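Each chain, letter by letter, is given below.
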Amino acid sequence: GTLVGPRTCYSSVTYRYNTYDDSLACAGTGEVALGTGVFPYQNGASSSSFDYRLGSFSAIDNLVPAAVSDGCPATDMQGTARANVACDAGAFER
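Residues numbered from 1 in each chain as written. Predicted model: local features only at pLDDT ≥ 70, side-chain atom pairs only at ≥ 80, totals over all residues. Heavy atoms only, no water.

1. Quick look at the overall build of the protein
Then, number 1: Scanning the protein from terminus to terminus reveals 0 helices and 9 strands.
Then, number 2: Reading the helices (α) and strands (β) of the protein from amino to carboxyl end gives β-β-β-β-β-β-β-β-β.
Then, number 3: In terms of overall size, the protein behaves like a compact globule, its C-alpha atoms giving a radius of gyration of 13 Å where 94 residues would be expected to give roughly 12 Å.
Then, number 4: Each principal axis of the C-alpha atoms in the protein carries an extent, and together these give about 35 × 30 × 20 Å.
Then, number 5: The buried share among the 94 residues of the protein stands at 33%.
Then, number 6: For the protein, the exposed area adds up to about 5,600 Å²; of that, 52% sits on carbon and sulfur atoms. (Helix = DSSP H or I, 4+ residues; strand = E, 2+ residues; numbered from the N terminus. Rg over C-alpha atoms; globule rule 2.2 N^0.38 Å. Buried < 20%, exposed > 50% of the residue type's maximum accessible area, 1.4 Å probe, protein only. Areas by Shrake-Rupley, 256 points an atom, 1.4 Å probe, with all protein chains shown as cover.)

Written out as structure tokens, the structure is:
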């Protein structure tokens, strides 16, 4: 799953297990619209202290079923093992 900000949904694209910061999600399996305008990052400030790791628990946690082809890599960006049942959307596993 991917964390997606403002976007255009294209009918020629298949969307699966993406998380959107606003209230609109592209039609597809497992799509989640947070409706908050922000993602639950540790620090979402636009500065050198920006931290992409997940902060508060949300709909992003365990969003992607492990059985989805290419949906849950074995490890996240820090080398943390992903769960065997479902993994968090984005680059980091909580």
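There's plenty left to go through after this.
2. Considerations on the side chain of E31
Then, number 1: With respect to the helices, strands and loops of the structure, E31 is situated in the loop between β4 (28-29) and β5 (32-33).
Then, number 2: Side-chain polar atoms of E31 contact the backbone nitrogen of R16, separated by 3.3 Å.
Then, number 3: A polar contact of 3.1 Å, which involves the side chain of E31, links it to the backbone nitrogen of Y17.
Then, number 4: Contacts of E31, omitting those with residues within four sequence positions, involve Y15, R16, Y17, N18, Y20, A25 and C26. (Polar contact = N/O pair within 3.5 Å; in protein donor to acceptor, adjacent residues only side chain to side chain. Contact = heavy atoms within 4.5 Å.)

3. Overview of the state of the cysteines
Then, number 1: Counting across every chain of the model gives 2 disulfides.
Then, number 2: Note that C9 is cross-linked by a disulfide to C26, the S-S spacing being 1.9 Å. Between C9 and C26, the disulfide has an S-S torsion of -85° and is therefore left-handed. Here the residue C9 occupies a position in the loop between β1 (3-4) and β2 (15-16), and C26 occupies one in the loop between β3 (19-20) and β4, the gap between them amounting to 17 residues.
Then, number 3: Sulfur-sulfur distance for the disulfide between C72 and C87 comes to 2.2 Å. (Disulfide = S-S within 2.5 Å.)

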